Amino acid sequence: MKTRIDSVDDVTRSFARQGYICDARTALAVYLAAQLHKPVLVEGPPGVGKTELAKAAAAFLEAPLIRLQCYEGLDESRALYEWKYGKQLLYTQLLRDKLSGTLADTDSLEESMRRLGDLGEAFYSDTFLEPRPLLRALRADEPVVLLIDEIDKADQEFEAFLLELLSDFQISIPELGTVRARHQPLVFLTSNDQRELSDALKRRCLHLYIPYPDAALERRILAERVPELDDQLRDQLVDFIQHLREQDMKKLPAVSETLDWARALVLLHADSLEPELVEQTLTLVLKNEQDAELARELLPHWFRARRAR
């Protein structure tokens, strides 16, 4: 893992080389997180590049990326570890005869339990442990970037479970004790604002909010990620996307939709936006039919305003 980060500009330049265009505020958050050894809570609407930020940081720091995708009902057995019960059962069956011999000369239940107690500890060792993303990040032989994606989808109980990891970079496992990070990971948590996160979690993190990009930044992103797109078409596309984001829609188009639309227009050999082309490809941008109907109603006005400039 890269241990030296010279400046905020160093982050910005490295991200740009990877095709991730960010503003100074985003680069500053990554820089401070690496220097202060603090997790980063990245909030914002879906599709603005929160997950891609963690991927870019891993590439920049030359570190492996370990990702935990959150969902409702996620618990520690899926996030931290679980025991290989099938393997434990198989070993128990294979050792049945051995156990009979071990207990043959015991005279009491207490003596039998004592002998089995030592054997029982062996069944809760690394041999039978299945590490999940959080434990893999703590026990990694090199520093890693840990992405806890869409933490707002997980239950509040799981959010509370994470507090020890976020503050001390350690986790308590009943059978094994406390597991401390061999190398402190750089942690990113993302949230789509589906629910309010606890103050305890927020206190442990640096906070970064990534909004929808302005027109200038979105043009830069398109120029970097879809360089084949004609300059004039890029300006038209960004102008139309920005216009849509000013409307009252259920799901505003994100950067990911902008990129999908741009790539589709390149494949269709388009050199400018035309009403028929926009109507045919509108579902690449708007995933809700009510939003699409509203956009179709707005098309004539937008084209007239565009021609009047």
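Chains are numbered independently. Their residues run from 1 in the order of the written sequence. pLDDT decides what is reported in this predicted model: residues at 70 or higher carry local features, side-chain atom pairs at 80 or more are listed and counted, and totals for whole chains, interfaces and linings draw on all residues regardless. Only heavy atoms go into the side-chain values, all of them from the structure, while hydrogens and water stay out.

**What to know about helix 3 (residues 50-61)**
When the terminal C-alpha atoms of helix 3 are compared, their 17 Å separation across 12 residues agrees well with the 16 Å that a helix rising 1.5 Å per residue should span. Burial here depends on accessible area, computed with a 1.4 Å probe over protein chains only, as a share of the maximum for the residue type. Under 20% is buried, over 50% is exposed, and the range in between is partly exposed. Strands here are runs of E lasting at least two residues and helices are runs of H or I lasting at least four, both read from the DSSP assignment and numbered beginning at the N terminus. Of all 12 residues making up helix 3, nine are buried, and the element is well covered by its neighbours. Every buried residue belonging to helix 3 is among Lys-50, Thr-51, Leu-53, Ala-54, Ala-56, Ala-57, Ala-58, Phe-60 and Leu-61, and all of these are buried. Looking one or two residues past helix 3, Glu-62 carries a phi angle of roughly 55°, positive in sign. Every helix has an expected span of 1.5 Å times one less than the residues it contains.

**Notes on the pairing of strand 6 (residues 170-173)**
In this description, strands pair whenever DSSP reports at least two bridges between them. Relative to strand 7 (residues 177-180), strand 6 is paired through four bridges, and the arrangement is antiparallel. Paired with Ser-172 across the two strands is Thr-178, which belongs to strand 7. Hairpin connection, strand 6 to strand 7: the antiparallel pair is bridged by three residues.

**Observations regarding unusual backbone geometry**
Despite not being glycine, Glu-62 shows a phi value in the positive range, around 55°. Counting through the fold element by element, Glu-62 comes out in the loop between helix 3 and strand 2 (65-69). Given a relative accessible area of 61%, Glu-62 falls into the exposed group. Positive phi is not limited to glycine here, since Glu-150 has a value of about 60°. On the secondary structure map, Glu-150 appears in the loop between strand 5 (145-149) and helix 9 (156-161). Judged by relative accessible area, Glu-150 falls into the buried class, the value being 17%.

**Let's talk about the packing of aromatic side chains**
Note on aromatic pairs: the rings of Phe, Tyr and Trp (six-membered ring only in Trp) are paired at centre separations within 6.5 Å, and the planes decide the class, stacked below 30 degrees, edge-to-face beyond 60, tilted for the rest. For the structure shown, the criterion picks out six aromatic pairs. The interplanar angle of 80° and the centroid separation of 4.9 Å between the aromatic rings of Trp-302 and Phe-303 together place this pair among those described as edge-to-face. Neither Trp-302 nor Phe-303 differs from the other in exposure class; each is buried. One aromatic cluster in this structure is built from Phe-240, Trp-261, Trp-302 and Phe-303.

**Examining the layout of surface pockets**
The method works on a 1 Å grid over the protein atoms by themselves. A cavity is a set of points holding a 1.4 Å probe that cannot get out, a pocket is an open set with protein on both sides within 12 Å along at least five of seven lines, and residues with an atom within 4 Å of a point line them. Grid points are joined across faces, edges and corners, and a volume is the space filled by probe spheres set on the points. When its volume is computed, the largest pocket comes out at roughly 560 Å³. As for the largest pocket, its lining consists of 33 residues, of which Gly-47, Val-48, Gly-49, Lys-50 and Val-255 are closest to the centre. Elements with a contribution of two residues or more to the lining of the largest pocket: helix 2 (24-36), helix 3, strand 2, helix 12 (215-225) and helix 14 (255-267). Sort the elements by how many residues they give to the lining of the largest pocket and helix 14 lands first, with five residues. Here the lining of the largest pocket is built from residues that sort into 13 nonpolar, nine polar and 11 charged. Under this grouping Gly is polar, as are all residues other than the nonpolar Ala, Val, Leu, Ile, Met, Phe, Trp, Tyr, Cys and Pro and the charged Asp, Glu, Lys and Arg.

**Some details on the nonpolar core**
Put simply, buried Ala, Val, Leu, Ile, Met, Phe, Trp, Tyr and Cys residues joined by side-chain atoms within 4.5 Å make one nonpolar core. Of all hydrophobic cores here, the largest spans 35 residues; its most connected members are Leu-134, Ile-148, Ile-151, Phe-158, Leu-162, Leu-189 and Leu-201. Those elements that provide at least two residues to this core are strand 2, helix 8 (133-139), strand 5, helix 9, helix 10 (163-168), strand 6, strand 8 (186-191) and helix 11 (199-203). Not counting residues up to four positions away in its chain, the partners in contact with Ile-148 are Leu-68, Cys-70, Leu-134, Leu-162, Val-187, Phe-188, Leu-189 and Thr-190. In this structure, Leu-244, Met-249, Leu-252 and Trp-261 belong to the second largest nonpolar core, which totals 30 residues. In what follows, a contact means two residues having at least one pair of non-hydrogen atoms within 4.5 Å.

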